[in-house]
Amino acid sequence: MRKFDTQVQELKYKVLKAVARESFNGTLLQNITDIPKKIVPRGEATFRCCVYKERAIISERIKMAMGGDHTNPNVIEVIPIACDECPQGGYEVTDACRGCIAHHCQENCKRGAITFDQNKKARIDKTKCVECGLCAKVCPYSAIHNFKRPCQSACKVNAIGMDESKAAKIDNDKCISCGACVNTCPFGSITQKSFILNTIDLLKQRQKNPELKVYAVVAPAIASQFTWATLGQVVTGMKQLGFYNVVEAALGADMVALTEAQELLEKGLITSSCCPAFVEYIHKSYPELVHFISHNNSPMVEVAKYIKSKEPDAKIVFIGPCTAKKMEFQKESTGGAVDCVMTFEELQALFGAKEIDLQQLEETPLDNASEYGRIFARSGGLVEAVRESIIEQGEDPDQFKPVIGNGITECKAALLRLSKNLLNGNFIEGMACEGGCINGAGCLTHNLKSKMQVDKFGKETSMKTIIDAVNSANITPNS
């Protein structure tokens with residue numbers, strides 16, 4: 001069964017696996033220069049013009065696997081040498097131009113950027129064009145097209161531009177670290193920093209000191225990943241990696257659902273705080289609305305704090321689909337609750353480095369959360385959980401008037417209405433990724449069945465209510 005959506009993911013996996021393997025063996029620094037040669041043998045360049053460029057790009061990927069540019073606070077970075085195949089982009093006149101005599105495009109261009117050649121075809125002067133798009137709107141043949149780079153099209157906060165060499169450039173003042181550009185770049189030239197070495201270091205510490213408890217907190221979106229094995233086998237695999245126990249982040253979601261419902265009823269109007277990219281978007285684009293953000297922790301932080309309240313010396317590694325979580329866990333506001341964040345892609349690389357065949361493993365049960373905590377993984381799940389929480393706490397659910405922001409475009413529309421006092425509701429569920437966490441940039445696969453798989457995972461729990469899950473909270477290893 002295919003384990004990745006694209007060859008870009010497979011290439012990143014090879015690099016992460018190689019780095020992880022050498023790190024587990026304690027030979028990373030000695031053998032780091034050999035990794036590109038092993039991944040790209042002499043004379044076997046597959047994706048680039050020559051073996052030397054391909055190896056050079058692999059070397060840059062190794063740097064990202066080792067934490068990237070430490071002077072850059074963003075976890076999303078561009079590998080400039082890998083970004084060289086996209087056209088400059090912008091508005092271009094296509095062959096559909098008929099050279100008509102109406103010249104609507106020229107008449108509507110306020111910058112005088114449109115002229116006509118000897119064949120009477122329109123041409124755009126890039127030095128004058130400001131990409132307002134008026135020419136494209138008025139062309140009767142739809143002959144003018146905006147050729148955006150995939151990363152620019154994917155970025156809904158307009159954080160992607162170009163540097164002097166025409167490589168992609170990220171504006172950190174706008175970027176919310178959602179990873180949409182990472183998912184979209186066909187060359188993998190935009191990628192995320194990895195904290196895989198930090199996780200390996202924790203696991204090696206535990207190997208030396210078994211008293212150290214390193215917990216893996218897994219996001220509920222895991223139910224739609226590792227489709228070639230069962231979830232129980234994945235849990236067993238994580239324990240074979242050296243984790244003391246595996247706990248559902250969905251337990252934290254149950255905790256958040258209860259307190260967020262209470263906060264909503266007290267304040268009358270709030271926005272959700274679960275998606276760090278959505279929260280960052282509010283801070284950067286709608287700072288006047290920051291006071292509406294729920295004061296609750298995200299499920300990741302909530303369950304991590306719960307674990308450390310029981311085991312103060314424990315170490316917590318969150319594993320999920322989200323690149324923005326790599327920014328969130330480093331914030332002072334989390335109080336150091338989470339020690340490291342990895343994606344599902346990086347977890348798979350750890351399995352590969354340790355040569356763990358999930359399909360050959362016995363199953364270990366995972367049963368910490370309610371159905372409602374688990375469906376936080378997809379759009380609309382948080383709304384269902386908060387409504388259920390209101391009901392379980394004996395309050396009138398008719399007080400709850402949610403607005404779902406499925407993806408940043410919908411989030412922007414909801415926040416704009418809120419800023420103008422036109423919001424027809426009292427709770428905004430905001431998720432930066434369309435579809436929810438099941439489509440996060442750190443997923444192994446993005447398939448049409450993800451929502452169905454998460455909903456099925458929710459129904460498999462033994463916890464019948466949110467209150468049951470919170471009252472039965474248990475972080476000790478399953479026998």
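What counts and how
- Residues numbered from 1 in each chain as written.
- Predicted model: local features only at pLDDT ≥ 70, side-chain atom pairs only at ≥ 80, totals over all residues.
- Heavy atoms only, no water.
- Helix = DSSP H or I, 4+ residues; strand = E, 2+ residues; numbered from the N terminus.
- Rg over C-alpha atoms; globule rule 2.2 N^0.38 Å.
- Buried < 20%, exposed > 50% of the residue type's maximum accessible area, 1.4 Å probe, protein only.
- Contact = heavy atoms within 4.5 Å.
- Areas by Shrake-Rupley, 256 points an atom, 1.4 Å probe, with all protein chains shown as cover.
- Lys, Arg positive; Asp, Glu negative; His and termini not counted.
- Charge placed at Lys NZ, Arg CZ, Asp CG, Glu CD.
- Salt bridge = Lys/Arg side-chain N within 4 Å of Asp/Glu carboxyl O.
- Phe/Tyr/Trp six-rings, centres within 6.5 Å; stacked < 30°, edge-to-face > 60°.
- Lys NZ or Arg CZ within 6 Å of the ring centre and 35° of its normal.
- Axes fitted to C-alpha atoms, helices over the stretch in contact; angles between N-to-C directions.
- Parallel < 35°, antiparallel > 145°, perpendicular 65-115°, else oblique.
- Left-handed = near helix turned anticlockwise from the far one by under 90°.
- Nonpolar A, V, L, I, M, F, W, Y, C, P; charged D, E, K, R; others polar.
- Pairing = 2+ DSSP bridges.
- Disulfide = S-S within 2.5 Å.

What to know about the overall build of the chain
From N to C terminus, the chain includes 20 helices and 15 strands. The C-alpha atoms of the chain give 24 Å as radius of gyration, which agrees with the globular expectation for 479 residues (23 Å, within 12%). A principal-axis box enclosing the C-alpha atoms of the chain has dimensions of 80 × 65 × 40 Å. Across the 479 residues that make up the chain, the buried fraction comes to 53%. Once local pairs closer than 6 in sequence are excluded, the contacts in the chain between residues at least 24 apart make up 74%. Counting only carbon and sulfur atoms, one obtains 49% of the accessible surface of the chain, whose full area is about 21900 Å². Taken together, the 57 basic and 56 acidic charged side chains of the chain have centroids lying 7 Å from each other.

Notes on the pattern of salt bridges
Overall, the coordinates contain 19 salt bridges when judged by the stated rule. Taking the shortest distance from any N to any O, the salt bridge between E328 and K325 comes out at 3.0 Å. Residue E328 and its partner K325 are located together in helix α14 (residues 325-328), separated by 3 residues, close to a single helical turn. Just as E328 is buried, K325 falls in that class too.

As for the packing of aromatic side chains
The final tally for this structure, using the stated rule, is 7 aromatic pairs. Each ring, one from F400 and one from F427, has its centre 5.5 Å from the other, and the planes form 55°; the classification is tilted. Residue F400 is located in the loop between α17 (381-392) and β14 (402-406), and its partner F427 is located in strand β15 (residues 427-431); the two are separated by 27 residues in the primary sequence. The positively charged end of K354 is found above the aromatic ring belonging to F24, 4.5 Å away from the centroid. Geometry around F457 places R374 over its ring, the cationic atom sitting 3.8 Å from the centre.

Things to note about the packing of helix α1 (residues 7-25) against helix α15 (residues 344-353)
Running from amino to carboxyl end, α1 crosses α15 at an angle of 55°, the nearest separation of the two axes being 8 Å. On the basis of the axis angle, α1 is oblique to α15. Seen along the crossing, α1 lies across α15 with a hand that is right-handed. Residue-level inspection shows Q9, K12, Y13, L16, K17, A20, R21 and F24 of α1 in contact with α15, the latter providing E345, E346, Q348, A349, L350, G352 and A353. The class makeup of the residues in the contact of α1 with α15 is 7 nonpolar, 3 polar and 5 charged.

Things to note about the sheet that holds β15
The parallel open sheet is built from 3 strands, whose spatial order is β11-β15-β14. Pairing within the sheet leaves two strands with one partner each, and these edge strands are β11 (270-271) and β14. Pairing of β14 with β15 involves 5 bridges; the strand directions are parallel. Bridge pairing links N406 to M431 in β15.

Let's talk about the side chain of E345
Topologically, E345 is positioned in helix α15. Those residues within four positions of E345 in sequence are excluded, and the remaining contacts are Q9, K12, Q192, A441, G442, C443 and L444.

Considerations on the environment of F376
For F376, the location among the structural elements is in the loop between α16 (371-374) and α17. The class for F376 is buried, based on a relative accessible area of 6%. Linking F376 and G436, residues 60 residues apart in sequence, is a C-alpha distance of 8.2 Å. With residues up to four places along the chain from it excluded, the contact list for F376 reads A253, A257, C274, P299, G381, L382, A385, M431 and C437.

A short note on the packing of α1 against helix α4 (residues 51-65)
Running from amino to carboxyl end, α1 crosses α4 at an angle of 60°, the nearest separation of the two axes being 10 Å. Classified by the interaxial angle, the pair formed by α1 and α4 is oblique. The interaxial crossing formed by α1 with α4 has right-handed handedness. Each of L11, K12, V15, L16 and V19 in α1 lies in contact with α4, whose residues at this interface are I58, R61, I62 and A65.

Points about the state of the cysteines
Applying the stated criterion across every chain, the model contains 0 disulfides. A disulfide-free cysteine, C109 has its sulfur positioned 6.2 Å from the sulfur of C132, the nearest such atom. Note on C139: no disulfide assigned, nearest cysteine sulfur contributed by C105 at a separation of 6.5 Å.

Remarks on the sheet that holds strand β13 (residues 340-343)
A sheet is described by the order of its strands in space; here 4 strands give the open sequence β10-β9-β12-β13, paired in parallel fashion. Since the sheet does not close on itself, it has two edges, and those belong to β10 (245-248) and β13, each with one partner. Each strand axis lies, on average, 25° off the axis of its neighbour in the sheet, ignoring direction. Judged from the 5 bridges that link them, strand β9 (residues 214-218) and strand β12 (residues 315-320) form a sheet pairing that is parallel. Residue pairing in the sheet places Y215 in a bridge with I316 of β12.

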